[in-house]
Amino acid sequence: MAIKPVTDWKTDYDIFAKEYKKNPFPIWDELREECPIAQTERWDGSFMPTRYEDLVNIARDVKRFSSRDVLVAQYGEPSEEMELEMEERNEEFANVGAPPITSDPPVHTWARRLLLPPFSIKSVARFEPETRELCRSLVSGFVDKGRADGAVDYAQQIPPRVIASMLGFPKEMSGTFTEWVRGFLELGLTDPDLRQESARSIFEYLYAQIEEHKENPRDDLIGYLLTAEVDGEPVPEAHVLGTCFLVLLAGIDTTWSSIGSAIWHLAQNPQDCKRLIEEPELMPSAVEELLRAYSPVTMARVVTEDTEYAGCPMSEGDKVLMNFPAANRDPRKFTDPDKVILDREENPHIAFGVGIHRCAGSNLARMEMKVAIEEWLAQIPECRLEDPEAVTWSGGQVRGPRLMQIVWP
Amino acid sequence: MVGRPGARPALDADSVAVMRVRVDAEKCQGHNRCFARSPELFDVDELGNAHELNDGVVPPELEDEARIAVKNCPEIAISISEEAD
Ligand code: HEM
Ligand code: SF4
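Residues numbered from 1 in each chain as written. Chains lettered and ligands numbered in written order. Predicted model: local features only at pLDDT ≥ 70, side-chain atom pairs only at ≥ 80, totals over all residues. Heavy atoms only, no water.

Focus: the site of ligand 1
All names here are of chain A. Around ligand 1 sit 30 residues in total, of which H108, R112, R301, H357 and C359 are the nearest. Between an oxygen atom of ligand 1 and a side-chain N or O atom of R301, the distance comes to 2.7 Å. At the level of secondary structure, the elements contributing two or more residues to the shell around ligand 1 comprise α7 (107–115), α15 (237–251), α16 (253–268), β7 (299–303) and α20 (362–379). Examining the composition of the shell around ligand 1, we find that four residues originate from one element, α15, more than from any other. (Near = heavy atom within 4 Å. Polar contact = N/O pair within 3.5 Å; in protein donor to acceptor, adjacent residues only side chain to side chain. Helix = DSSP H or I, 4+ residues; strand = E, 2+ residues; numbered from the N terminus.)

Shown next as structure tokens:
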């Protein structure tokens, strides 16, 4: 990891730098005004737009800005191991990648069509009662202690279990599965062996589950993928596996990061807790506002031809970091962007991206956030950070609290 | 609405304007913000694509909701028109 301190964010930014992880907002503010398309040589080099308008333009320009590689250096490495491993199992996988997130039209179009129905707003509503039950029992587990880690003990426990249930894993697996996922996405960030080992466990389990589903067909996400057809043809099994893995990669640390950030906000803003308890009907707009203010995800694009954007010359193969979080704090688009206004009336945020790659899991993520906040407040109406300075943040492309001790009376 | 001459007096100070919403299917990417907030005005299909309900006619008490839907769609896919009934 680069340890050279950043002295000029405009030409040498580092999304893994300590100060960026902890408090990127003033950095974005400076870049947005002084150098709206910043540049760096770090992590193989990239450009980084920070204005809403530029993010939207680039996201829509899928010909010049391809999604074939949505990750920058560090984060991408371990998934190559995964691909190698998958390749051994099934050569076809090498050509499959993780569509739709890493593909452009036309592959993107059908891969996305396949994935959308099980994640539609109406489909995910079916999982609300069990998500609520899960959140309630997590809070019950620590409420009497008067303290918990809002990230480790709560936020990180929710999305893996919801996804496991959607995929159709047996209930008794959900604890083990959650530990693998945390080993892969969280603890593994600083422990490559654990990361690889966890990835292997997840992968082998997925593979076994697909086999098991073939023998005992069921109505769950794996079952849906195995029986779905694209242009009258069944979906190749390698694609089923790739899709399940994508859902795990795209749908878990993203969601636990936004749940974690929401709890972080509430722990410091008792007036907002009070308001949500007294006016529960504000919850949907509050979720959108928290998504806007604490957007977790920065994706990437690859420039497909030598070109120019907003006066910046770009070469084929250059990367562009899609800083949706910075766009969502652009004062050109949002009044008082740094204020969290739970009933903000005009909030066309792009936390889930914009254009054809709009997050396929957005409805699931919103449902989980809403339920997680409601169930936390139901038993913990007031709380605070034990030590705001001690909170640590994951940085890079998915931002959220990693360690966050919260206490309550 | 055109085609109903005589239903109301012709355009004058007293005429009632009818508000309509319309989703541009080419632009909509299925964020579902409109449906989540105003299911009285919009519906979505299983791919998330939204469409207006009831020919887009907005009852007077939902006019503010329709304006809010326009302002919250990240794809700028929703438009409003007002014409004399
Ligand atoms: C709060 C939580 C989440 C956030 C902030 C988020 C954010 C995003 C963003 C910004 C994109 C756009 C990528 C781009 O433009 O390159 C995206 C794409 C995607 N997300 Fe999410 N996501 C979240 C949760 C989920 C969940 C729960 C799932 C699935 C279970 C999921 C699955 C996907 C998929 C499959 C794509 C690719 C869509 C495509 O390329 O067509 N995400 N997400
Ligand atoms: S908010 Fe806009 S993009 Fe989203 S579903 Fe409605 S019309 Fe489509």
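Overview of the state of the cysteines
Scanning the model with the defined rule gives zero disulfides over all chains in all. C383(A) takes part in no disulfide bond, and the closest cysteine sulfur to it belongs to C273(A), at a distance of 5.5 Å. (Disulfide = S-S within 2.5 Å.)

Considering the environment of N363(A)
As for its position among the elements, N363(A) is in helix α20. N363(A) gets classed as buried once you look at its relative accessible area, which sits at 7%. Distance from N363(A) to T254(A), taken between C-alpha atoms, is 13 Å for residues 109 residues apart in sequence. Excluding anything up to four places from it in sequence, N363(A) contacts F119(A), S120(A), I121(A), V124(A) and N32(B). Within polar-contact distance, the side chain of N363(A) engages the backbone oxygen of F119(A) at 3.3 Å. (Buried < 20%, exposed > 50% of the residue type's maximum accessible area, 1.4 Å probe, protein only. Contact = heavy atoms within 4.5 Å.)

With respect to the packing of aromatic side chains
Residues and elements named next belong to chain A. Throughout the structure, instances matching the rule amount to 17 aromatic pairs over all chains. Relative to Y20, the ring of W9 lies with its centre 6.0 Å away and its plane at 25°, an arrangement referred to as stacked. Residue W9 is located in helix α1 (residues 9–12), and its partner Y20 is located in helix α2 (residues 18–22); the two are separated by eleven residues in the primary sequence. Residue class for Y20 comes out buried when judged on its relative accessible area of 5%. Here F142 and W408 contribute two aromatic rings whose centre-to-centre distance is 6.0 Å and whose plane-to-plane angle is 50°, an arrangement assigned as tilted. A residue pair is termed long-range when its members are at least 10 positions apart, and F142 in helix α9 (residues 128–143) and W408 in the segment after β14 (405–407) qualify at 266 residues. Judged by relative accessible area, which is 11%, W408 ranks as buried. A network of ring pairs unites the aromatic residues W9, Y20, F25 and W28 as a single cluster. One Lys or Arg, R292, reaches over the ring of F334 and ends 5.3 Å from the middle of that ring. The positively charged end of R399 is found above the aromatic ring belonging to W393, 4.0 Å away from the centroid. (Phe/Tyr/Trp six-rings, centres within 6.5 Å; stacked < 30°, edge-to-face > 60°. Lys NZ or Arg CZ within 6 Å of the ring centre and 35° of its normal.)

So, the interface of chain B and chain A
With 17 residues of chain B in contact, the opposing surface of chain A contributes 23 residues. Buried surface at the junction of chain B and chain A, both sides included, amounts to about 1800 Å², of which 48% is carbon and sulfur. Ranking the residues of chain B by area buried against chain A places R33(B), L47(B) and K71(B) at the top, with a combined share of 31%. For E345(A), the salt bridge goes to K71(B), with nearest N and O atoms at 3.7 Å. Scanning the region where chain B abuts chain A turns up ten residue pairs in polar contact (both at pLDDT 80 or more). Of all the secondary-structure elements, those providing two or more residues to the side of chain B that touches chain A are α1 (33–37), β2 (42–44) and α2 (63–72) of chain B. Partitioning the side of chain B that touches chain A into residue classes produces seven nonpolar, five polar and five charged. (Buried area = accessible area lost by both parts, 1.4 Å probe. Salt bridge = Lys/Arg side-chain N within 4 Å of Asp/Glu carboxyl O. Nonpolar A, V, L, I, M, F, W, Y, C, P; charged D, E, K, R; others polar.)

Here we look at empty space enclosed by the protein
In total, this model carries eight cavities of 30 Å³ or more according to the counting rule given. Broken down by secondary-structure element, the contributors of at least two residues to the lining of the largest cavity are α7, α15, α16, β7 and α20 of chain A. It is α15(A) that contributes the most residues to the lining of the largest cavity, four residues altogether. Classifying every residue of the lining of the largest cavity by side-chain character gives 21 nonpolar, nine polar and four charged. Looking at the second largest cavity, its volume works out to about 90 Å³. In terms of lining residues, the second largest cavity is bounded by 15 residues, among which C28(B), H31(B), N32(B), C34(B) and C73(B) are the most central. Here the lining of the second largest cavity is composed, by residue class, of nine nonpolar, four polar and two charged. (1 Å grid on protein atoms, 1.4 Å probe; cavity = no way out; pocket = protein on both sides within 12 Å on 5 of 7 lines; lining within 4 Å. Points joined across faces, edges and corners; volume = space filled by probe spheres on them.)

What about the coordination of the iron atom of ligand 1?
Within the protein, a single donor atom binds the iron atom of ligand 1, namely C359(A) (SG) at 2.3 Å. By secondary structure assignment, the location of C359(A) is in the loop between α19 (324–327) and α20. (Donors = N, O, S within 2.8 Å, 3.2 Å for Na, K, Ca; no water.)

Overview of the packing of α16(A) against helix α17 (residues 270–278) of chain A
Residues and elements named next belong to chain A. It is the contact of α16 with α17, at a shortest axis distance of 5 Å, that shows an interaxial angle of 105°. Here α17 runs roughly perpendicular to α16, going by the angle between their axes. Contacts between α16 and α17 involve H265, L266 and Q268 on the former and, on the latter, P270, D272, C273 and L276. For the contact of α16 with α17, a count of residues per class yields four nonpolar, two polar and one charged. (Axes fitted to C-alpha atoms, helices over the stretch in contact; angles between N-to-C directions. Parallel < 35°, antiparallel > 145°, perpendicular 65-115°, else oblique.)

Structural notes on the environment of G175(A)
All names here are of chain A. Relative to the elements of secondary structure, G175 occurs in helix α12 (residues 174–185). We classify G175 as partly exposed; its relative accessible area is 30%. On a C-alpha basis, the gap between G175 and A164 in space is 9.8 Å, while along the polypeptide they are eleven residues apart.

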